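Listed below are the residues making up each chain.
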Amino acid sequence: MRGRFITLEGVDGAGKSTHVEWIAHWLCERGVDLCLSREPGGTPLGEKLRELLLDPAQQVDADAEALLMFAARKQHLAQVIVPALERGQWVLCDRFTDATFAYQGGGRGIAASRLAILEQWVQGSLQPDLTLYFDVPVEIARARLMATRALDRFEQEQASFFERVRTGYLERARSDPARIRVVDSTQSIEDVRAAIAGSLTQLWARA
Ligand code: TMP
């Protein structure tokens, strides 16, 4: 039987990384054979593109950025995601196409209709079965980020960029509420986990 595809999304600093391992553990405890991956990245080619895309020293045109995100994604789908799902594995991916609509669409201002053409080209009708979008006000996300490490090319953007990214995510979530669950990431870790567990349980029951 085909596996299930779960993606995690949020603005930088929204707290999704805090929950990746917990979600992986929740699934593995139930006997799920899990493939854990991330975007941009997840393949040798994709990881090289990630390095370039996140490098603060690179000057990247907005369309080139969107095309490189989709190029990395196509490789990831062909080499990792689709084969894993066909083997019956579940795929848990840290970011996917919703990030392109939020960052390159909302953040950089590329029309969603143009991104939709690339989405159709690269993935056809394939969509995640469940997307957990971790939502926080931008000032909270910024404060969390500043407290951690050196900032990459995206993380160095202004707060106004992240406001547009967040709006992009919320619009995308409104357009597909059955797939995209908005998790209020300002709650305590326990409450966030309870919300995640609720969504995973529903997906698990359908599997
Ligand atoms: P990460 O550090 O959370 O894995 O994300 C890498 C960065 O790449 C993050 O700032 C968001 C950005 N990104 C895009 O701009 N578009 C995309 O399609 C993806 C997958 C990530």
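For the structure, check the block above.
Read on for a plain summary of the structure.

Regarding the site of the ligand
Phase 1: In the vicinity of the ligand, 13 residues are found, and the nearest of them are Asp 12, Lys 16, Arg 95, Thr 100 and Gln 104.
Phase 2: Lys 16 is positioned such that a nitrogen or oxygen atom in its side chain is 2.9 Å from an oxygen atom of the ligand.
Phase 3: Taking Gln 104, its side chain carries an N or O atom lying 2.8 Å from a nitrogen atom of the ligand.
Phase 4: Within the complex, the protein chains bury 94% of what would otherwise be the 480 Å² of accessible surface of the ligand.
Phase 5: Listing elements by their share of the shell around the ligand, those giving two or more residues are α3 (62–87) and α4 (97–107).
Phase 6: At four residues, the largest contribution of residues to the shell around the ligand is made by α4.
Phase 7: Residues of the shell around the ligand, tallied by class, amount to five nonpolar, two polar and six charged.

Things to note about the pairing of strand β3 (residues 90–94)
Phase 1: Among the five residues in β3, five count as buried, and that is most of the element.
Phase 2: With burial as the criterion, each face of β3 is covered, one bearing Trp 90, Leu 92 and Asp 94 and the other bearing Val 91 and Cys 93.
Phase 3: Examined bridge by bridge, strand β1 (residues 5–10) and β3 share four bridges and lie parallel to one another. Bridge pairing links Thr 7 to Cys 93 in β3.

With respect to the sheet that holds strand β2 (residues 34–38)
Phase 1: As summarised here, the arrangement of the five strands in space is β2-β3-β1-β4-β5, forming an open sheet in which the pairing is parallel. Both edges of this open sheet fall to β2 and β5 (180–184), since each of them pairs with a single strand only. The mean angle between the axes of side-by-side strands here comes to 20°, regardless of whether they run parallel or antiparallel.
Phase 2: Taken together, the five bridges between β2 and β3 define a ladder with parallel strand orientation. Note on β3: the bridge partner recorded for Cys 35 is Val 91.

Quick notes on helix α7 (residues 159–175)
Given 3.6 residues to a turn, an α-helix orients residues that are three or four positions apart in the same direction.
Phase 1: With 17 residues, α7 should reach 24 Å at 1.5 Å per residue; the first-to-last C-alpha distance of 24 Å fits that figure.
Phase 2: Among the residues of α7, those classed as buried are Phe 161, Phe 162, Val 165, Arg 166, Gly 168, Tyr 169, Arg 172 and Ala 173. Seen from one end, α7 has its buried residues packed into an arc of 155°, which puts them on one side. Facing away from the buried side of α7 by over 90 degrees, the exposed positions are Arg 174 and Ser 175.

Describing the packing of α4 against α7
Phase 1: Between α4 and α7, the least distance of the axes is 8 Å, while the angle of their chain directions is 135°. By the angle between their axes, α4 is oblique relative to α7. Handedness of the α4/α7 crossing: right-handed. Across from Thr 97, Asp 98, Ala 99, Phe 101, Ala 102, Tyr 103, Gly 106 and Gly 107 in α4, the residues of α7 making contact are Phe 161, Phe 162, Arg 164, Val 165, Gly 168, Tyr 169 and Arg 172.
Phase 2: Taken together, the residues that form the contact of α4 with α7 break down as eight nonpolar, four polar and three charged.

Comments concerning the side chain of Asp 152
Phase 1: Within the secondary structure, Asp 152 is located in the loop between α6 (138–146) and α7.
Phase 2: Given the relative accessible area of 14%, Asp 152 is considered buried.
Phase 3: Side-chain polar atoms of Asp 152 contact the backbone nitrogen of Phe 154, separated by 2.9 Å.
Phase 4: Non-local contacts of Asp 152, meaning those with residues more than four positions away in its chain, are made with Leu 54 and Pro 56.

Criteria and cut-off values
Residues numbered from 1 in each chain as written. Predicted model: local features only at pLDDT ≥ 70, side-chain atom pairs only at ≥ 80, totals over all residues. Heavy atoms only, no water. Near = heavy atom within 4 Å. Polar contact = N/O pair within 3.5 Å; in protein donor to acceptor, adjacent residues only side chain to side chain. Areas by Shrake-Rupley, 256 points an atom, 1.4 Å probe, with all protein chains shown as cover. Helix = DSSP H or I, 4+ residues; strand = E, 2+ residues; numbered from the N terminus. Nonpolar A, V, L, I, M, F, W, Y, C, P; charged D, E, K, R; others polar. Buried < 20%, exposed > 50% of the residue type's maximum accessible area, 1.4 Å probe, protein only. Pairing = 2+ DSSP bridges. Axes fitted to C-alpha atoms, helices over the stretch in contact; angles between N-to-C directions. Expected span 1.5 Å × (residues − 1). Arc of directions from axis to C-beta. Parallel < 35°, antiparallel > 145°, perpendicular 65-115°, else oblique. Left-handed = near helix turned anticlockwise from the far one by under 90°. Contact = heavy atoms within 4.5 Å.

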